[in-house]
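# Residue-level structural notes
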Amino acid sequence: EVSSNQSLTVLETPTTDQVNAEITATALDQPIKSIPRGSSGVLVGRFELKGAGQLQHITIQREGVGNNSDFAQLYAFWVDPGQPARRISSNQSLRVDQQAFFTVDVPLKTSAILEIRGDISATAGALSQHAFRLISVKTSQKLFSFSSASAQYVGTTIELSPVLIGSVVVRNNGALND
């Protein structure tokens, strides 16, 4: 019994389907494989997730010849079928264990694309090579870990080119001629 100055909270019990739902992942190829140092918003990992659930945490790991400091920041984007990409995380740095942990709140209905984008440091090592592995996703019901022995969960290896991105300002007080 609830008095007039109390409230009653009803907790939804997850269905068997929600608890037993599986989420699968596959790394997708990406077209850009050589990245200039100093670039920002670079696609460094792309993964297709299939299943259903409310995603809460995503963990990725950097692999390859290079340093964690090659990446100034990493962030996650979510692409639902037929929709533009939308940012779903705050900036993250790679930890000492070469992993980044994203706290998110996004529904996976049937399938979607998880994109990991990053800002490359201007002081990154030239010719460093990096690939990102999807380690795990956690829903409100279950943690899904992906095999570290399978290449299925590792994105395309990118190489940092020796070229450094800078900025150029052009000022002209007239028309540009051929």
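Here, every reference points to the structure presented above.
Residues numbered from 1 in each chain as written. Predicted model: local features only at pLDDT ≥ 70, side-chain atom pairs only at ≥ 80, totals over all residues. Heavy atoms only, no water.

## Brief notes about the overall build of the protein
Where we set the bar: A run of H or I in DSSP counts as a helix once it spans at least four residues, and a run of E counts as a strand once it spans at least two, with each numbered from the N terminus. Each residue is placed in one exposure class: buried if its accessible area under a 1.4 Å probe, protein chains only, is under 20% of its type's maximum, exposed if it is over 50%, and partly exposed if it falls in between. Whether two residues are in contact is decided by their heavy atoms, any of which lying within 4.5 Å being enough. All accessible areas in this document rest on Shrake-Rupley with a 1.4 Å probe, and a residue is counted as covered only by the protein chains that are shown.
A count of helical and extended segments in the protein gives one helix and 11 strands. For the protein, the sequential pattern of α-helices and β-strands runs α-β-β-β-β-β-β-β-β-β-β-β. Looking at the protein residue by residue over its 178 residues, the buried ones come to 39%. When contacts within the protein are restricted to residue pairs at least 6 apart in sequence, those whose partners lie at least 24 apart make up 77%. Put simply, the protein shows about 10400 Å² of open surface, and 50% of that area lies on carbon and sulfur atoms.

## Topic: the packing of aromatic side chains
How we decide: A pair of Phe, Tyr and Trp rings is counted when the ring centres sit within 6.5 Å of each other, with Trp represented by its six-membered ring. The angle between the planes then sorts it: under 30 degrees is stacked, over 60 is edge-to-face, the rest tilted. By the criterion adopted, a ring carries a charge over it if an Arg CZ or a Lys NZ lies within 6 Å of its centre and within 35 degrees of its normal.
Taken as a whole and judged by the stated rule, the model has three aromatic pairs. Aromatic pair Phe 71 and Phe 132: ring centres 5.3 Å apart, planes at 80°, arrangement edge-to-face. Of this pair, Phe 71 sits in strand S5 (residues 71-79) while Phe 132 sits in strand S9 (residues 129-139), placing them 61 residues apart in sequence. For Phe 71, a relative accessible area of 5% puts it in the buried group. The ring of Tyr 75 has Arg 87 lying over it, and the distance from NZ or CZ to the ring centre is 4.3 Å. Here the guanidinium or amino end of Arg 117 rests over the ring plane of Phe 77, the centre of that ring lying 5.5 Å away.

## Section: the sheet that holds strand S6 (residues 86-87)
So the rule is basically this: In this scheme, strands are said to pair when DSSP sees at least two bridges between them.
Taken together, five strands build an open sheet; the order of strands is S1-S3-S8-S5-S6 and the sheet is antiparallel. One side of each edge strand has no neighbouring strand; the edge strands of this open sheet are strand S1 (24-27) and S6.

## Re the side chain of Ser 128
Looking at the secondary structure, you find Ser 128 in the loop between strand S8 (111-120) and S9. What Ser 128 contacts, discounting residues up to four positions off in sequence, is Val 65, Gly 66, Asp 70, Ile 158, Glu 159 and Leu 160.

## Topic: the nonpolar core
Heads up, the rule is: For our purposes a nonpolar core is just a set of buried Ala, Val, Leu, Ile, Met, Phe, Trp, Tyr and Cys residues, chained together by side-chain atoms within 4.5 Å.
If you look at the biggest cluster of nonpolar residues, it comprises 35 residues, and the most contacted ones within it are Leu 55, Ile 58, Leu 74, Leu 114 and Leu 134. Only S1, strand S3 (42-50), strand S4 (53-63), S5, strand S7 (99-108), S8, S9 and strand S11 (158-164) provide two or more residues apiece to this core. If one sorts the elements of this core by residue count, S7 sits on top with five residues.

## Some thoughts on the pairing of S5
With respect to burial, S5 is a largely interior element, seven of its nine residues being buried. Note that S5 and S8 share eight bridges and pair antiparallel. By the bridge assignment, Leu 74 is partnered in S8 with Gly 118. Pairing of S5 with S6 involves two bridges; the strand directions are antiparallel. Each bridged residue has a counterpart across the sheet, and for Phe 77 the counterpart in S6 is Arg 87.

## What to know about the pattern of salt bridges
Short version of the rule: One speaks of a salt bridge when a side-chain nitrogen belonging to Lys or Arg is within 4 Å of a carboxyl oxygen belonging to Asp or Glu.
Considering all chains together, one arrives at five salt bridges under this definition. Linking Arg 46 and Glu 115 is a salt bridge whose minimum nitrogen-to-oxygen distance equals 3.3 Å. Taken as a pair, Arg 46 in strand S3 and Glu 115 in strand S8 lie far apart in primary sequence, 69 residues in all. Relative accessible area serves as the criterion here: at 25%, Arg 46 is assigned to the partly exposed category. Among the salt bridges present, the one from Glu 63 reaches Arg 133, with a minimum N-O distance of 2.6 Å. Note that Glu 63 is positioned in strand S4 and Arg 133 in strand S9, a separation of 70 residues in sequence. A relative accessible area of 25% means that Glu 63 is categorised as partly exposed.

That's the geometry; what it means functionally is another story.
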